[in-house]
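Close look at the chain arrangement
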Amino acid sequence: MERTARIKSTMTMLEYCKLLLSKISFNDELLKKEYQKGLKYLNPKDQEELKQWLILKGKVVE
């Protein structure tokens, strides 16, 4: 019997970074570390989008 609860989806690296950063946003040091790691996997356009997303969330990471 096939499980109907199983949902296959794909997530872009940008979406994954946003998800991860939103879960650790309580710790600024960890947030900065994971932000820097995430930038390595994103193209320049997505890097800028992630930066703007963090600014909108009230987090300044440089």
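Below: a short report on this structure. Per chain, the residues get numbers from 1 upward, laid out in the order the sequence is written. pLDDT decides what is reported in this predicted model: residues at 70 or higher carry local features, side-chain atom pairs at 80 or more are listed and counted, and totals for whole chains, interfaces and linings draw on all residues regardless. Remark: hydrogens and water are excluded; side-chain values derive from all non-hydrogen atoms of the structure.

**A word on the overall build of the protein**
Within the protein one finds 3 helices and 0 strands. Strands are runs of DSSP state E lasting at least two residues, helices are runs of H or I lasting at least four, and both sets are numbered from the N terminus onward. The order of α-helices and β-strands along the protein, N terminus first, is α-α-α. Taken over 62 residues, the protein has a buried fraction of 26%. Only heavy atoms enter the contact rule, under which two residues are in contact if any of them lie within 4.5 Å. Residue pairs at least 24 apart in sequence account for 55% of intrachain contacts in the protein once pairs closer than 6 positions are excluded. For the exposure calls, accessible area comes from a 1.4 Å probe over protein chains only, and a residue counts as buried if that area is under 20% of its type's maximum, exposed if over 50%, partly exposed in between.

**Things to note about the packing of helix 1 (residues 13–23) against helix 2 (residues 28–39)**
Lines are fitted to the C-alpha atoms to define the axes, a helix being fitted only along its stretch in contact, and any angle between axes, read from their N-to-C directions, falls within 0 to 180 degrees. Helix 2 packs onto helix 1 with a crossing angle of 175° between their chain directions and a minimal axis gap of 10 Å. Viewed along their axes, helix 1 and helix 2 adopt a mutual orientation that is roughly antiparallel. Two secondary-structure elements touch here, helix 1 through Cys-17, Leu-20 and Leu-21 and helix 2 through Leu-31, Glu-34, Tyr-35 and Gly-38. Residues are grouped as follows: Ala, Val, Leu, Ile, Met, Phe, Trp, Tyr, Cys and Pro are nonpolar; Asp, Glu, Lys and Arg are charged; every other residue, Gly included, is polar. When its residues are assigned to classes, the contact of helix 1 with helix 2 shows 5 nonpolar, 1 polar and 1 charged. Roughly parallel refers to an angle under 35 degrees, roughly antiparallel to one over 145, roughly perpendicular to one between 65 and 115, and oblique to any angle outside these ranges.

**Considerations on the nonpolar core**
Buried residues of nine kinds, namely Ala, Val, Leu, Ile, Met, Phe, Trp, Tyr and Cys, make up a nonpolar core once their side-chain atoms join them within 4.5 Å. Within the largest apolar cluster, 12 residues are counted, these being Leu-14, Cys-17, Leu-21, Ile-24, Leu-31, Tyr-35, Leu-39, Leu-42, Leu-50, Trp-53, Leu-54 and Val-61. Among the secondary structure elements, those contributing two or more residues to this core are helix 1, helix 2 and helix 3 (44–56). Ignoring sequence-local partners within four residues, the contact set of Leu-21 consists of Leu-31, Glu-34, Tyr-35, Leu-50, Trp-53 and Leu-54.

**Overview of the environment of Trp-53**
As for its placement among the helices and strands, Trp-53 is situated in helix 3. Along the sequence, Trp-53 and Lys-18 sit 35 residues apart, while their C-alpha atoms lie 8.1 Å from each other. When neighbours within four sequence positions are excluded, Trp-53 is seen to be in contact with Lys-18, Leu-21 and Ser-22.

What is shown is where atoms sit, not what they do.
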